[in-house]
Every structure is written in C-alpha cells, then in structure tokens.
Amino acid sequence: MNELSPKGSDASAQQRYHDDRFDALAEPDRVRIVIEDLTGSATHEGWIGLDQMGHFGTHGCELVTDQIVARHDKLSVLVELGSGYGGALRDVLHRLSQRGVDVDIGIGTDVVTRHCTSARRIGADSGLPAVFVAGDAALMPLTGSTADAVFAAGSMPHFTQSGAVLAEAWRILRPGGTLVMTEEVSLLRDHRLPSASFVAEHPHSVFSFSTVDERTRQLHEAGFDPVSFTDLTDWALALVDARLRAVRLLRGTAERVYGEKQLAAIEQTLVVTLDAYRDGTLRPGSFASVRRGSGVKDRS
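Residues numbered from 1 in each chain as written. Predicted model: local features only at pLDDT ≥ 70, side-chain atom pairs only at ≥ 80, totals over all residues. Heavy atoms only, no water.

**Student:** Even after reading the chapter, I still don't get the sheet that holds strand E5 (residues 173–183), so can you show me in this structure?
**Tutor:** Sheet strands pair by backbone hydrogen bonding; their relative direction is either parallel or antiparallel. With respect to topology, seven strands assemble into an open sheet ordered E3-E2-E1-E4-E5-E9-E8, the strand pairing being mixed. Looking at the sheet topology across the chains shown, the edges are occupied by strand E3 (130–134) and strand E8 (224–231). Neighbouring strand axes in the sheet, compared pairwise and without regard to direction, differ in orientation by 20 degrees on average. The sheet contact formed by E8 and strand E9 (residues 285–291) spans six bridges and is antiparallel. Bridge assignment links Ser228 to a residue of E9, and that residue is Ala288. In the packing of helix H5 (residues 87–98) onto the sheet, contacts are made with strand E1 (74–81), strand E2 (102–110), E3 and strand E4 (147–153), and the angle to E1 comes to roughly 160 degrees. Helix-sheet contacts for helix H9 (residues 212–222) involve E5, E8 and E9, and the interaxial angle to E8 is about 155 degrees. (Pairing = 2+ DSSP bridges. Helix = DSSP H or I, 4+ residues; strand = E, 2+ residues; numbered from the N terminus. Axes fitted to C-alpha atoms, helices over the stretch in contact; angles between N-to-C directions. Contact = heavy atoms within 4.5 Å.)

**Student:** Would you mind showing me how to read the packing of aromatic side chains here?
**Tutor:** The description of two aromatic rings rests on the distance between their centres and on the angle between their planes. Applying the stated criterion to the full structure yields five aromatic pairs. Taking the centre distance of 5.0 Å and the plane angle of 90 degrees together, the rings of Phe56 and Trp235 count as edge-to-face. With Phe56 in the loop between helix H3 (44–47) and helix H4 (57–69) and Trp235 in helix H10 (residues 233–249), this residue pair connects regions lying 179 residues apart in the sequence. Of the residues examined, Phe56 reaches a relative accessible area of 0% and is grouped as buried. With a centroid separation of 6.1 Å and an interplanar angle of 50 degrees, the aromatic rings of Phe198 and Phe209 are classed as tilted. Taken together, the positions of Phe198 in helix H8 (residues 196–201) and Phe209 in the loop between H8 and strand E7 (210–211) put the pair 11 residues apart, joining distant regions of the chain. The pair formed by Phe198 and Phe209 is uniform in burial state, with each residue classed as buried. Against the face of Trp170 rests Arg291, its NZ or CZ located 3.8 Å from the ring centre. (Phe/Tyr/Trp six-rings, centres within 6.5 Å; stacked < 30°, edge-to-face > 60°. Buried < 20%, exposed > 50% of the residue type's maximum accessible area, 1.4 Å probe, protein only. Lys NZ or Arg CZ within 6 Å of the ring centre and 35° of its normal.)

**Student:** How should I be thinking about the environment of Leu142 in this particular structure?
**Tutor:** Among the secondary structure elements, Leu142 is positioned in the loop between E3 and E4. In sequence terms Leu142 and Glu168 are 26 residues apart; their C-alpha atoms lie 9.7 Å from each other. What Leu142 contacts, discounting residues up to four positions off in sequence, is Val79, Ile107, Arg171 and Ile172.

**Student:** Would you take a moment to explain the packing of H4 against H5 for this structure?
**Tutor:** Here H4 crosses H5 at 50 degrees, and the two axes come no closer than 9 Å. Here H5 runs oblique to H4, going by the angle between their axes. Crossing of H4 against H5: the hand is right-handed. Facing H4, whose interface residues are Thr58, Cys61, Glu62, Val64, Thr65, Ile68 and Val69, H5 presents Ala88, Asp91, Val92, Arg95 and Leu96. Classifying every residue of the contact of H4 with H5 gives seven nonpolar, two polar and three charged. (Parallel < 35°, antiparallel > 145°, perpendicular 65-115°, else oblique. Left-handed = near helix turned anticlockwise from the far one by under 90°. Nonpolar A, V, L, I, M, F, W, Y, C, P; charged D, E, K, R; others polar.)

So this is what it looks like as structure tokens:
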C-alpha cells in the first residue's frame with residue numbers, strides 16, 4: 001500500500017520509518033487475534049502502548065493526563081498532534097474518563113493517511129470518542145478557538161515546521177486551553193548531535209532536534225505564556241531501561257505481534273535512545289502551557 005496524505009515527501013518518509021517498526025498495526029484484525037490469544041480478550045488495555053514502544057508509552061500518557069486534569073474537569077474537544085496509529089489518544093481519553101473528566105470528542109491528526117485508517121480500525125470497538133483526520137499539523141482543518149486541550153506525545157521531532165505547528169496549536173485552542181508536549185528524543189542538552197548509531201535509527205529525514213531554550217522560544221513566539229518545562233532524565237532512563245528489558249524477556253510474544261524484523265528495529269531504537277540519555281546528549285522532558293489572549297489578532 002502507498003496511501004499518503006497531502007504532504008507527499010514528508011508523509012512518505014514518515015510512513016516508511018514507522019512501517020519498519022509498526023507495520024503489523026496496519027493489520028489490526030490479525031493483531032487482535034494475537035491479543036485475544038494472549039490475554040483472553042482484545043480490550044483497550046490489550047492495545048495500550050503497542051504503537052508507542054520507542055516512546056514513553058502509557059507512562060507518557062499519564063503525564064499528559066495529569067496536566068489536563070490539573071486544569072480541566074470537562075473537555076468539549078481534545079486534539080492530538082501527530083496521532084500515528086491512535087494509541088496515545090485512546091490512552092489519554094481512557095485515563096481522563098477514569099479520572100472523571102468527560103470528553104465530547106478527541107481528534108487525532110497525522111500526516112500519513114494510512115496511519116489514520118489503521119487508527120480508526122483499531123479503535124472501532126473501543127467505545128472511546130476518538131476520530132482521526134489526515135492532514136498537516138501546521139495547517140489543521142479545525143476552526144480557531146475550538147479545542148480545550150492539545151497534546152503531542154513524542155511527535156514534535158516529526159514536524160519539519162515545529163514553530164508553525166505550535167502557532168497552529170495556539171490558533172485552535174480556546175483562551176485558557178492547555179497545551180502539553182512530551183519530548184522523548186527531540187531535545188538536545190546543547191547543540192552536540194547524538195551518536196551516529198542514534199541518528200541511524202532516528203534519520204534526519206524523519207526527525208528534527210532542538211534545545212529546551214529553542215523550544216521555549218518557539219512556544220513564546222507562538223503566543224504561549226508562561227511555559228513550564230520538566231526535566232524527565234532520571235525517570236526516562238529508568239523507564240526505557242525497563243522497556244528494553246521487557247522486550248528482551250518477552251521476545252517471543254512481542255515477535256508474534258510485530259514480526260522479527262520489526263521487533264529488532266524497535267529494540268535497537270530503545271538501545272540507542274537509552275545510550276543517548278546516559279551520555280547526556282538528549283534531555284527528555286515535557287512542556288505545559290496555557291493559551292492566553294482572545295484571538296489570533298491579539299498576537300503582536
């Protein structure tokens with residue numbers, strides 16, 4: 001299949017990269033059978049984290065949920081930037097429901113049409129109010145001042161125009177709306193690039209890098225103020241190390257889900273990410289902010 005959304009070359013690179021690791025999720029009916037065989041049922045919990053193995057996964061979704069719950073007790077519209085196969089949006093919606101925050105609709109946006117198609121099929125029986133729309137995160141098909149909260153779960157390095165994406169997030173948020181971003185592999189401690197082995201698993205055609213100061217400046221320029229950053233280095237070190245151990249311990253089961261080649265790519269991604277955390281090249285963290293102002297014209 002070669003199902004691409006409007007941003008041709010960018011979408012193509014993103015699709016090839018994720019297909020190398022998560023192509024099995026484009027066959028949700030087959031994966032559902034494996035999950036049912038392993039767990040006895042293909043519930044939401046069985047799907048959690050399958051498309052987030054190289055990221056913070058469910059733990060990152062809990063961080064996003066914490067920030068939203070701290071500011072909102074109800075959401076009309078929740079938007080995820082770079083929703084991929086939909087795992088993070090479904091997870092956050094599930095967690096918000098468990099914590100008493102009602103959400104009318106969750107909208108996932110992704111540049112690869114095939115990802116959105118798979119996300120719809122995976123979540124068809126979840127009962128969660130999630131829809132998935134293919135499109136460029138720098139030009140979303142949403143009316144301004146529509147969303148109560150916007151989040152990005154590890155997707156920032158996949159946006160070639162991150163400043164424009166943040167400005168677009170500001171545009172679609174209501175005044176007082178919340179923006180939350182977890183950044184697993186996109187923040188450098190300084191301008192020293194990660195190792196060649198890291199870049200091999202995170203190619204420049206798919207990933208971009210920034211420093212905390214640069215990302216903070218982009219957020220301020222987009223209209224967000226104040227901006228809060230939390231350094232997650234120690235937490236992320238322990239998390240990715242535990243995930244790598246689990247992949248190796250449960251290799252046979254994981255290969256049934258992903259396939260041998262894809263699992264090897266996921267494992268190597270975790271290895272080089274852990275090394276980059278340990279050598280201090282990367283600074284994993286999260287940002288949170290609130291949209292101020294009453295409209296786009298308020299920005300000077």
